[in-house]
Amino acid sequence: MKTLIIDVIDPKRMGELTTVSKYFGDAPDILALGAGDIPGQFNKAYQTNEKIAVNLVPAITQLIQDEGYEVILLSATTVGAEIAGPVAVGIGAALISEVIGIDDNHTVIRPLYGGKAVGKYKIVKYPVILTIRRKYFEPAELSGVTPASMLAVEKSPIRLISEKTQKSEGIPLEDAEIIVSGGRGIGVAENFAMLKEMSDVLGGAVGASRGAVDEGWALPTQQIGQTGNIVAPSVYVAVGISGASQHLAGIANAKCVVAINKDEEANIFNRARFGIVCDYKTIVPVLTEVLREER
Ligand SMILES: Cc1cc2nc3c(=O)[nH]c(=O)nc-3n(C[C@H](O)[C@H](O)[C@H](O)COP(=O)(O)OP(=O)(O)OC[C@H]3O[C@@H](n4cnc5c(N)ncnc54)[C@H](O)[C@@H]3O)c2cc1C
(Lines give C-alpha, C1' and ligand atoms only; values in the text may rest on other atoms or scores of the structure.)
Protein backbone atom coordinates (compact mmCIF):
# COMPACT_ATOMS: atom_id res chain seq x y z
CA MET A 1 0.00 0.00 0.00
CA LYS A 2 1.25 3.47 -0.76
CA THR A 3 2.53 4.78 2.56
CA LEU A 4 3.76 8.19 3.69
CA ILE A 5 5.71 8.74 6.91
CA ILE A 6 5.61 12.27 8.34
CA ASP A 7 7.93 13.25 11.18
CA VAL A 8 10.69 15.55 12.38
CA ILE A 9 14.22 14.43 11.50
CA ASP A 10 15.03 11.94 14.23
CA PRO A 11 16.40 8.48 13.39
CA LYS A 12 14.57 6.80 16.30
CA ARG A 13 11.18 8.26 15.48
CA MET A 14 11.59 7.69 11.75
CA GLY A 15 12.90 4.18 12.49
CA GLU A 16 9.84 3.30 14.56
CA LEU A 17 7.50 4.53 11.80
CA THR A 18 9.52 2.60 9.20
CA THR A 19 8.99 -0.57 11.26
CA VAL A 20 5.23 0.04 11.29
CA SER A 21 5.22 0.79 7.54
CA LYS A 22 6.44 -2.78 6.88
CA TYR A 23 3.00 -4.10 7.88
CA PHE A 24 1.60 -2.29 4.84
CA GLY A 25 3.98 -3.75 2.28
CA ASP A 26 5.35 -1.12 -0.07
CA ALA A 27 8.51 0.85 0.76
CA PRO A 28 7.31 4.11 2.29
CA ASP A 29 7.84 7.68 1.17
CA ILE A 30 8.74 10.27 3.77
CA LEU A 31 8.00 13.89 4.52
CA ALA A 32 10.71 15.22 6.84
CA LEU A 33 9.94 18.27 8.95
CA GLY A 34 12.93 20.54 9.47
CA ALA A 35 16.37 21.05 7.99
CA GLY A 36 19.11 18.41 7.74
CA ASP A 37 19.86 15.09 6.06
CA ILE A 38 17.06 12.53 5.99
CA PRO A 39 18.39 9.30 7.51
CA GLY A 40 17.54 6.05 5.70
CA GLN A 41 16.82 5.02 2.16
CA PHE A 42 13.25 5.90 1.37
CA ASN A 43 11.42 5.48 -1.88
CA LYS A 44 10.83 9.20 -2.25
CA ALA A 45 11.48 12.03 0.20
CA TYR A 46 9.98 15.47 0.69
CA GLN A 47 11.20 18.07 3.12
CA THR A 48 10.01 21.36 4.54
CA ASN A 49 11.59 23.97 6.77
CA GLU A 50 8.23 25.23 7.97
CA LYS A 51 8.45 24.75 11.75
CA ILE A 52 4.84 25.32 12.71
CA ALA A 53 2.99 22.07 12.19
CA VAL A 54 -0.47 23.51 11.75
CA ASN A 55 0.73 25.68 8.83
CA LEU A 56 1.67 22.52 6.96
CA VAL A 57 -1.82 21.05 6.93
CA PRO A 58 -2.98 22.41 3.52
CA ALA A 59 0.27 21.36 1.79
CA ILE A 60 0.22 17.88 3.34
CA THR A 61 -3.45 17.41 2.45
CA GLN A 62 -2.64 18.32 -1.16
CA LEU A 63 0.39 16.01 -1.28
CA ILE A 64 -1.62 13.03 0.00
CA GLN A 65 -4.37 13.67 -2.55
CA ASP A 66 -1.95 14.20 -5.47
CA GLU A 67 0.12 11.11 -4.72
CA GLY A 68 -2.77 8.91 -3.58
CA TYR A 69 -1.26 7.79 -0.28
CA GLU A 70 -3.34 5.10 1.42
CA VAL A 71 -1.57 4.93 4.78
CA ILE A 72 -0.14 7.97 6.58
CA LEU A 73 2.02 7.37 9.66
CA LEU A 74 3.04 9.94 12.28
CA SER A 75 4.45 9.65 15.80
CA ALA A 76 1.92 10.22 18.59
CA THR A 77 3.62 13.44 19.63
CA THR A 78 2.43 17.05 19.78
CA VAL A 79 3.55 17.61 16.19
CA GLY A 80 1.86 14.39 15.06
CA ALA A 81 -1.39 15.27 16.81
CA GLU A 82 -1.42 18.79 15.35
CA ILE A 83 -1.10 17.45 11.83
CA ALA A 84 -3.09 14.20 11.98
CA GLY A 85 -6.50 15.58 13.00
CA PRO A 86 -6.93 18.38 10.46
CA VAL A 87 -5.36 16.34 7.64
CA ALA A 88 -7.78 13.46 8.38
CA VAL A 89 -10.68 15.89 8.06
CA GLY A 90 -9.19 17.35 4.86
CA ILE A 91 -8.86 14.01 3.08
CA GLY A 92 -11.90 12.36 4.68
CA ALA A 93 -9.79 9.62 6.28
CA ALA A 94 -10.18 7.67 9.49
CA LEU A 95 -7.67 8.55 12.19
CA ILE A 96 -6.54 6.01 14.77
CA SER A 97 -4.39 7.66 17.41
CA GLU A 98 -1.85 6.35 19.94
CA VAL A 99 -1.41 2.98 18.22
CA ILE A 100 0.62 0.49 20.31
CA GLY A 101 0.28 -2.67 18.23
CA ILE A 102 -0.49 -3.90 14.72
CA ASP A 103 -0.65 -7.21 12.85
CA ASP A 104 -0.44 -8.39 9.25
CA ASN A 105 -4.23 -8.27 8.89
CA HIS A 106 -4.09 -4.54 9.57
CA THR A 107 -5.73 -4.82 12.98
CA VAL A 108 -4.35 -2.11 15.21
CA ILE A 109 -4.38 -1.82 18.99
CA ARG A 110 -4.68 1.37 21.01
CA PRO A 111 -5.18 2.02 24.73
CA LEU A 112 -8.59 3.03 26.08
CA TYR A 113 -9.77 4.51 29.38
CA GLY A 114 -6.37 5.87 30.31
CA GLY A 115 -4.65 2.56 29.63
CA LYS A 116 -7.04 0.37 31.66
CA ALA A 117 -8.16 -1.44 28.51
CA VAL A 118 -7.09 -1.79 24.90
CA GLY A 119 -9.25 -1.55 21.79
CA LYS A 120 -8.64 -3.50 18.57
CA TYR A 121 -9.58 -1.85 15.29
CA LYS A 122 -9.61 -3.57 11.91
CA ILE A 123 -8.78 -1.15 9.13
CA VAL A 124 -11.30 -1.75 6.35
CA LYS A 125 -11.13 1.53 4.45
CA TYR A 126 -8.28 3.62 3.12
CA PRO A 127 -6.79 6.19 3.33
CA VAL A 128 -6.13 5.86 7.02
CA ILE A 129 -3.98 7.97 9.31
CA LEU A 130 -2.24 6.34 12.28
CA THR A 131 -0.34 8.07 15.05
CA ILE A 132 2.09 5.66 16.65
CA ARG A 133 2.96 5.80 20.32
CA ARG A 134 6.69 6.10 20.98
CA LYS A 135 8.80 3.13 22.10
CA TYR A 136 6.25 0.41 21.29
CA PHE A 137 7.97 -0.58 18.03
CA GLU A 138 11.64 -1.46 17.60
CA PRO A 139 13.13 1.29 15.39
CA ALA A 140 14.35 0.01 11.99
CA GLU A 141 18.04 0.69 11.31
CA LEU A 142 18.22 3.64 8.92
CA SER A 143 21.42 3.67 6.89
CA GLY A 144 22.48 6.23 4.30
CA VAL A 145 20.46 9.34 3.48
CA THR A 146 17.67 10.08 1.01
CA PRO A 147 17.84 13.26 -1.09
CA ALA A 148 14.60 15.21 -0.82
CA SER A 149 12.56 17.65 -2.87
CA MET A 150 11.18 20.65 -1.01
CA LEU A 151 7.45 20.64 -0.30
CA ALA A 152 5.76 23.83 -1.50
CA VAL A 153 3.97 25.35 1.49
CA GLU A 154 1.53 28.03 0.37
CA LYS A 155 0.39 30.64 2.83
CA SER A 156 -2.93 29.42 4.24
CA PRO A 157 -5.71 31.92 5.07
CA ILE A 158 -5.45 31.01 8.76
CA ARG A 159 -1.85 31.06 9.81
CA LEU A 160 -0.13 30.63 13.13
CA ILE A 161 2.48 33.38 13.28
CA SER A 162 4.80 32.01 15.94
CA GLU A 163 5.13 29.35 18.56
CA LYS A 164 7.28 29.53 21.69
CA THR A 165 8.92 26.29 22.66
CA GLN A 166 9.60 25.79 26.33
CA LYS A 167 13.11 24.37 26.47
CA SER A 168 13.57 21.60 28.98
CA GLU A 169 17.04 20.64 30.14
CA GLY A 170 18.65 17.24 29.73
CA ILE A 171 17.26 14.09 28.17
CA PRO A 172 13.70 14.42 26.80
CA LEU A 173 11.29 12.41 28.98
CA GLU A 174 10.04 10.37 26.04
CA ASP A 175 13.60 9.11 25.35
CA ALA A 176 14.75 8.71 28.97
CA GLU A 177 15.59 5.20 30.16
CA ILE A 178 15.46 6.33 33.79
CA ILE A 179 12.98 8.87 35.16
CA VAL A 180 12.77 10.19 38.72
CA SER A 181 9.38 11.81 39.26
CA GLY A 182 8.07 13.91 42.10
CA GLY A 183 4.53 14.47 43.30
CA ARG A 184 2.65 16.65 45.72
CA GLY A 185 4.30 14.72 48.54
CA ILE A 186 7.56 16.58 47.78
CA GLY A 187 6.01 19.50 49.66
CA VAL A 188 8.18 22.39 48.41
CA ALA A 189 9.58 23.34 45.01
CA GLU A 190 13.20 23.46 46.26
CA ASN A 191 13.19 19.77 47.14
CA PHE A 192 12.85 18.85 43.47
CA ALA A 193 16.62 19.52 43.51
CA MET A 194 16.98 16.21 45.40
CA LEU A 195 15.23 14.39 42.57
CA LYS A 196 17.39 16.18 39.99
CA GLU A 197 20.50 15.07 41.84
CA MET A 198 19.33 11.46 41.87
CA SER A 199 18.38 11.54 38.18
CA ASP A 200 21.76 13.12 37.30
CA VAL A 201 23.57 10.30 39.08
CA LEU A 202 21.46 7.77 37.18
CA GLY A 203 21.76 9.63 33.85
CA GLY A 204 18.00 10.14 33.69
CA ALA A 205 15.36 12.86 33.55
CA VAL A 206 13.04 14.46 36.10
CA GLY A 207 9.28 14.11 35.70
CA ALA A 208 6.31 15.14 37.82
CA SER A 209 2.74 14.30 38.67
CA ARG A 210 0.00 16.77 37.94
CA GLY A 211 -0.17 17.39 41.67
CA ALA A 212 3.37 18.80 41.58
CA VAL A 213 2.73 20.73 38.35
CA ASP A 214 -0.45 22.28 39.80
CA GLU A 215 1.57 23.42 42.81
CA GLY A 216 3.99 25.15 40.42
CA TRP A 217 6.97 23.01 41.53
CA ALA A 218 7.51 21.49 38.08
CA LEU A 219 6.87 22.58 34.51
CA PRO A 220 3.80 21.37 32.60
CA THR A 221 6.26 19.86 30.11
CA GLN A 222 7.43 17.54 32.92
CA GLN A 223 3.96 16.18 33.68
CA ILE A 224 3.52 12.47 33.22
CA GLY A 225 0.14 10.87 32.77
CA GLN A 226 -3.05 10.87 30.81
CA THR A 227 -2.89 14.59 30.10
CA GLY A 228 0.90 14.80 30.13
CA ASN A 229 3.76 12.77 28.71
CA ILE A 230 3.39 9.06 28.05
CA VAL A 231 6.73 7.53 28.95
CA ALA A 232 8.29 4.08 28.73
CA PRO A 233 11.51 4.08 30.75
CA SER A 234 13.32 0.99 32.01
CA VAL A 235 13.18 2.40 35.53
CA TYR A 236 10.59 4.84 36.89
CA VAL A 237 11.10 6.19 40.41
CA ALA A 238 7.89 7.73 41.80
CA VAL A 239 8.57 9.91 44.83
CA GLY A 240 5.64 11.29 46.86
CA ILE A 241 3.16 10.27 44.18
CA SER A 242 -0.09 8.59 45.23
CA GLY A 243 -0.59 6.62 41.99
CA ALA A 244 -3.86 8.03 40.65
CA SER A 245 -5.13 6.21 37.55
CA GLN A 246 -4.47 9.29 35.42
CA HIS A 247 -0.82 9.23 36.47
CA LEU A 248 -0.47 5.48 35.96
CA ALA A 249 -1.82 5.89 32.43
CA GLY A 250 1.43 7.67 31.58
CA ILE A 251 3.68 4.87 32.84
CA ALA A 252 1.79 1.82 31.59
CA ASN A 253 4.85 0.76 29.58
CA ALA A 254 7.48 1.50 32.28
CA LYS A 255 9.43 -1.69 32.93
CA CYS A 256 10.36 -1.33 36.61
CA VAL A 257 8.57 1.08 38.93
CA VAL A 258 10.15 2.01 42.26
CA ALA A 259 7.83 3.84 44.65
CA ILE A 260 8.81 5.96 47.64
CA ASN A 261 5.82 7.01 49.71
CA LYS A 262 5.20 7.46 53.42
CA ASP A 263 1.69 5.97 53.14
CA GLU A 264 1.86 2.19 52.85
CA GLU A 265 -1.70 2.19 51.48
CA ALA A 266 -0.79 4.44 48.52
CA ASN A 267 -2.00 3.00 45.21
CA ILE A 268 1.41 3.49 43.58
CA PHE A 269 2.61 0.41 45.49
CA ASN A 270 0.17 -1.71 43.47
CA ARG A 271 2.08 -0.73 40.32
CA ALA A 272 5.56 -0.84 41.83
CA ARG A 273 8.06 -3.70 41.69
CA PHE A 274 9.98 -2.17 44.59
CA GLY A 275 8.40 -0.04 47.28
CA ILE A 276 9.94 1.97 50.11
CA VAL A 277 7.56 3.17 52.81
CA CYS A 278 9.13 6.24 54.40
CA ASP A 279 9.55 9.99 54.23
CA TYR A 280 11.36 10.64 50.95
CA LYS A 281 13.61 13.22 52.64
CA THR A 282 15.19 10.41 54.63
CA ILE A 283 15.77 7.96 51.81
CA VAL A 284 16.40 9.96 48.63
CA PRO A 285 19.72 11.57 49.71
CA VAL A 286 20.96 8.20 51.04
CA LEU A 287 19.96 6.36 47.86
CA THR A 288 21.61 9.02 45.74
CA GLU A 289 24.88 8.66 47.64
CA VAL A 290 24.82 4.86 47.39
CA LEU A 291 24.07 5.05 43.67
CA ARG A 292 26.89 7.55 43.21
CA GLU A 293 29.33 5.17 44.89
CA GLU A 294 28.05 2.21 42.88
CA ARG A 295 28.65 3.93 39.52
C1 LIG B 1 -9.07 14.49 33.53
C2 LIG B 1 -7.90 14.36 34.46
C3 LIG B 1 -6.64 14.22 33.94
C4 LIG B 1 -5.53 14.07 34.79
N5 LIG B 1 -4.29 13.91 34.24
C6 LIG B 1 -3.25 13.67 35.07
C7 LIG B 1 -1.94 13.43 34.55
O8 LIG B 1 -1.71 13.45 33.34
N9 LIG B 1 -0.95 13.17 35.42
C10 LIG B 1 -1.13 13.14 36.79
O11 LIG B 1 -0.16 12.89 37.52
N12 LIG B 1 -2.34 13.39 37.29
C13 LIG B 1 -3.40 13.68 36.49
N14 LIG B 1 -4.60 13.96 37.03
C15 LIG B 1 -4.70 14.18 38.49
C16 LIG B 1 -4.75 12.91 39.32
O17 LIG B 1 -6.09 12.47 39.45
C18 LIG B 1 -4.18 13.15 40.73
O19 LIG B 1 -4.88 14.19 41.34
C20 LIG B 1 -2.68 13.49 40.73
O21 LIG B 1 -1.95 12.53 39.98
C22 LIG B 1 -2.18 13.50 42.16
O23 LIG B 1 -0.85 13.89 42.19
P24 LIG B 1 0.10 13.39 43.34
O25 LIG B 1 0.12 11.90 43.38
O26 LIG B 1 1.39 14.09 43.21
O27 LIG B 1 -0.59 14.01 44.64
P28 LIG B 1 -1.41 13.35 45.83
O29 LIG B 1 -2.50 12.50 45.34
O30 LIG B 1 -1.73 14.46 46.75
O31 LIG B 1 -0.36 12.36 46.52
C32 LIG B 1 0.77 12.79 47.23
C33 LIG B 1 1.43 11.53 47.81
O34 LIG B 1 2.62 11.91 48.45
C35 LIG B 1 2.77 11.12 49.63
N36 LIG B 1 3.62 11.87 50.55
C37 LIG B 1 3.33 13.00 51.21
N38 LIG B 1 4.41 13.42 51.91
C39 LIG B 1 5.39 12.52 51.68
C40 LIG B 1 6.74 12.40 52.13
N41 LIG B 1 7.30 13.32 52.92
N42 LIG B 1 7.45 11.33 51.70
C43 LIG B 1 6.91 10.39 50.88
N44 LIG B 1 5.64 10.47 50.44
C45 LIG B 1 4.89 11.51 50.83
C46 LIG B 1 1.35 10.93 50.15
O47 LIG B 1 1.26 9.77 50.97
C48 LIG B 1 0.58 10.79 48.84
O49 LIG B 1 0.46 9.43 48.47
C50 LIG B 1 -5.73 14.10 36.20
C51 LIG B 1 -7.01 14.24 36.72
C52 LIG B 1 -8.09 14.37 35.87
C53 LIG B 1 -9.45 14.52 36.46
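The shown structure was predicted, so the numbers you read here are calculated from the model rather than taken from an experiment.

Once that is clear, we can look at helix α8 (residues 280–294). In this model α8 runs 20 Å from its N-terminal to its C-terminal C-alpha over 15 residues, within 8% of the 21 Å that 1.5 Å per residue would give. All of the buried residues in α8 are Y280, V284 and L287. Projection of α8 onto a plane perpendicular to its axis shows the buried side chains occupying an angular sector of 70°, all on one side. Seen from the open side of α8, the exposed residues pointing more than 90 degrees away from its buried face are T282, V286, V290 and E293. The secondary structure elements touched by the buried residues of α8 are α4 (192–202), β13 (235–239) and β14 (256–261).

Turning next to helix α3 (residues 78–91). Between its first and last C-alpha atoms α3 spans 20 Å; for 14 residues at 1.5 Å apiece the expected length is 20 Å, and the two agree. Three or more residues of α3 are buried, namely V79, G80, I83, A84 and V87. At its buried positions, α3 is contacted by β1 (3–8), β2 (29–33), α2 (57–67), β4 (71–75), β5 (94–99) and β9 (128–132). Positive phi appears at G92, one or two residues downstream of α3, with a value of about 65°.

Taken together, 27 residues lie near the ligand, and G183, G185, R210, G211 and G225 sit nearest. Counting residues per element, the ones that place at least two in the shell around the ligand are α5 (210–214), α6 (245–248), β14 and α8. Here the element with the most residues in the shell around the ligand is α5; it accounts for three residues.

Reading the values: rules and limits
- Residues numbered from 1 in each chain as written.
- Predicted model: local features only at pLDDT ≥ 70, side-chain atom pairs only at ≥ 80, totals over all residues.
- Helix = DSSP H or I, 4+ residues; strand = E, 2+ residues; numbered from the N terminus.
- Expected span 1.5 Å × (residues − 1).
- Buried ≥ 20, exposed ≤ 12 C-beta atoms within 10 Å, placed from the backbone.
- Arc of directions from axis to C-beta.
- Contact = placed C-beta atoms within 7 Å.
- Near = placed C-beta within 6 Å.

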